[in-house]
Amino acid sequence: MVFAYVAGKFALPLYSHRCSPKTFTQPQLFACLVLKEFLKLDYRKLAALLADTPDLCYAIELTKVPHFTTFQKAAQRLLTATPARRLLDETIEFGVAVGRLKRRVKLAALDGTGFESHHASSYYVRRRSSTAKYWQKLTYRTFPKAGLLCDCASHMILAVVPGHGPGPDIKHYRAALDQARRRVRLMALAADAGYDSEHSHEYARDECGIRTLIPALIGRPTAKLPSGYWRRQMATRLHTTRYTQRWQVETVNSMFKRLLDSALRARKRWNQYREIVLRSLTLNLMILRRRRVFYRARMSPFASPFASRIFVASSGRARNPTIR
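This one's a predicted model, so the numbers in the text were calculated from it and none came from an experiment.

Procedures and definitions
Residues numbered from 1 in each chain as written. Predicted model: local features only at pLDDT ≥ 70, side-chain atom pairs only at ≥ 80, totals over all residues. Heavy atoms only, no water. Helix = DSSP H or I, 4+ residues; strand = E, 2+ residues; numbered from the N terminus. Buried < 20%, exposed > 50% of the residue type's maximum accessible area, 1.4 Å probe, protein only. Contact = heavy atoms within 4.5 Å. Areas by Shrake-Rupley, 256 points an atom, 1.4 Å probe, with all protein chains shown as cover. Pairing = 2+ DSSP bridges. Axes fitted to C-alpha atoms, helices over the stretch in contact; angles between N-to-C directions. Salt bridge = Lys/Arg side-chain N within 4 Å of Asp/Glu carboxyl O. Arc of directions from axis to C-beta. Phe/Tyr/Trp six-rings, centres within 6.5 Å; stacked < 30°, edge-to-face > 60°. Lys NZ or Arg CZ within 6 Å of the ring centre and 35° of its normal.

Draft legend 1. Up close: the overall build of the protein chain. Helix and strand content of the protein chain: 13 helices and seven strands. Taking all 324 residues of the protein chain together, 45% fall into the buried category. Restricting the contact set of the protein chain to residue pairs at least 6 apart, pairs at least 24 apart contribute 67%. Accessible area of the protein chain: about 19100 Å², with a carbon and sulfur share of 55%.

If you want it as C-alpha cells, here you go:
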C-alpha cells in the first residue's frame, strides 16, 4: 500500500482540479484501490476495512475514511488512458531503481489471456448443462481479454492492452509493443503462433529494432517453407533461439489470476478495462514489494545446524573441519 502511495505521488497530481474539495489526494485514493484489488474486496468492504484499521489510514496519511462511492469515482478517473499510463511508467521506474528490472530488457514475452465476467466458472456451467436448459451450455459469447507483455527475468508487466474476446491475439500486437518500447529498451520479443505474420516481424525488426521470435505455424499445414523471409527464418532456425523462455509470460498469466482472481467484478465493458489495468499495476507493485527467500533445505530434515558442532565437540576432533 505504501509503495502504491509513493508511486501515485510521483505519477499523479495531488488533486484532479483546482476547485476540488481537497479532502483526499489522488495518490491516497490510488493506494486504496490497489489495496482493494490485493485483498479482493469491493468498494463497500474497502471503506469498512479502512474504518476498522486506522493503521492503514495512517500509513498513507489519510485522516478521514472516504465514502465507498468516492473510490468508485476515483477508479473511473484514475484508470483512464493517461493516468494509467503514468502509473505504469512509474512502477517500471521503481523496478529499475530497486534493481528488479533492467532498462535494457534482453528478452520479453507477449501473450493474450481471457478473464471471467462473473464468479461462476465455466466448469460449473458445464456441469449444470446436463440437467438444465440448452442455452446454459454456453459459458460466454464475449469475455474480457488483455494482451500482456512482460519481462522474462523479473515477470514485471511492461504493457497491458485490455480488450474483449473471442478474437485473434494479433489485434493488440502493435499497441503492446509501442507501450513497452516507450518504457524500456527491448532487445528480443518471444510470442506464440497467434502473432505469426510477416508484417509482425517487419514492424518489430525494421521499425522498432527488436528481434522477434514467433513460430511460423499460421496457415494450412504443408512441407513447404513459408514465402516470407522472416517466417522462413523462424521455420528453420527458431529451435536455436531462446524461444523456449516464452513460457515466462504464461507464469505471469498464472500469477495474475491466482493472486488477483480470474473473475472481474465490473460488469460494464469500460469498467472491466479499468479493472484489468488496476490489477496489472497491483501485480507490478507486489513484485516490487516481494522479498528474497533463502533456500534453507538440508540433506537431513531433522538435522540441526548445530548438530555437526556437537558431534565434533563430543568426539574430540577439530572444531572447524574442512568440508569437501
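Draft legend 2. Local environment of the sheet that holds strand β6 (residues 188–191). Taking strand neighbours across the sheet as the criterion, the five strands line up as β4-β3-β2-β6-β7 in an open arrangement whose pairing is mixed. A strand with exactly one partner marks an edge of an open sheet, and here the two such strands are β4 (157–165) and β7 (211–213). The average undirected angle you get between the axes of adjacent strands in this sheet is 20°. Sheet topology places strand β2 (residues 108–114) next to strand β3 (residues 143–151); seven bridges connect them, and they run antiparallel. Its bridge partner being in β3, D111 is matched across the sheet by L148. Contacting β2, β3, β4, β6 and β7, helix α8 (residues 173–183) crosses the sheet at an angle of about 160° to β4.

Draft legend 3. Structural view of the environment of G8. For G8, the location among the structural elements is in helix α1 (residues 2–11). Separated by 19 residues in sequence, G8 and P27 have C-alpha atoms that sit 4.3 Å apart. When near neighbours in sequence (up to four residues on either side) are disregarded, G8 contacts P27, F30 and L87.

Draft legend 4. Examining the pattern of salt bridges more closely. Applying the stated criterion across every chain, the model contains twelve salt bridges. For E37, the salt bridge is made with R279, and the minimal N-O distance between the two is 3.0 Å. Here the residue E37 occupies a position in helix α2 (residues 26–39), and R279 occupies one in helix α12 (residues 269–289), the gap between them amounting to 242 residues. Note on E37: relative accessible area 0%, which makes it buried. Residues D89 and R182 are paired through a salt bridge, measuring 3.3 Å at the closest nitrogen-oxygen approach. With a gap of 93 residues between them, D89 in helix α6 (residues 81–98) and R182 in helix α8 connect regions that are remote in the sequence. What emerges from the salt-bridge pattern is a single network uniting K36, E37, R265, E275 and R279.

Draft legend 5. Layout of the pairing of β2. Among the seven residues that make up β2, six are buried, leaving the element largely enclosed by the rest of the structure. When β2 meets β6, the two strands line up parallel, connected through three bridges. Following the sheet pairing, A108 is matched in β6 by L189.

Draft legend 6. The arrangement of the environment of A175 in detail. Here A175 lies in helix α8. Put simply, A175 and G147 are 28 residues apart on the chain and 9.2 Å apart in space, counted from C-alpha to C-alpha.

Draft legend 7. Region of the structure containing helix α10 (residues 229–237). Among all positions in α10, only R231, Q233 and M234 are buried. Down the axis of α10, the buried set is contained in an arc of 155°. They therefore lie on one face. Its buried side turned inward, α10 meets α9 (198–207) and β7.

Draft legend 8. Examining the environment of L260 more closely. Along the chain, the position of L260 falls in helix α11 (residues 247–260). What makes L260 buried here is its relative accessible area of 0%. It is 8.1 Å that separates the C-alpha atoms of L260 and L39, two residues lying 221 residues apart in sequence.

Draft legend 9. Representation of the packing of aromatic side chains in the model. As enumerated under the stated definition, the model contains five aromatic pairs in all. Their ring planes at 40° and their centres at 6.0 Å tell us that Y173 and Y195 sit as a pair that is tilted. Taken together, the positions of Y173 in helix α8 and Y195 in the loop between β6 and α9 put the pair 22 residues apart, joining distant regions of the chain. In this pair, the class of Y173 matches that of Y195, namely buried. Of note, K22 hangs over the ring of Y15, and the distance from its end group to the ring centre comes to 5.5 Å. Between R205 and the ring centre of W230, over which it is positioned, the NZ or CZ distance is 4.1 Å.

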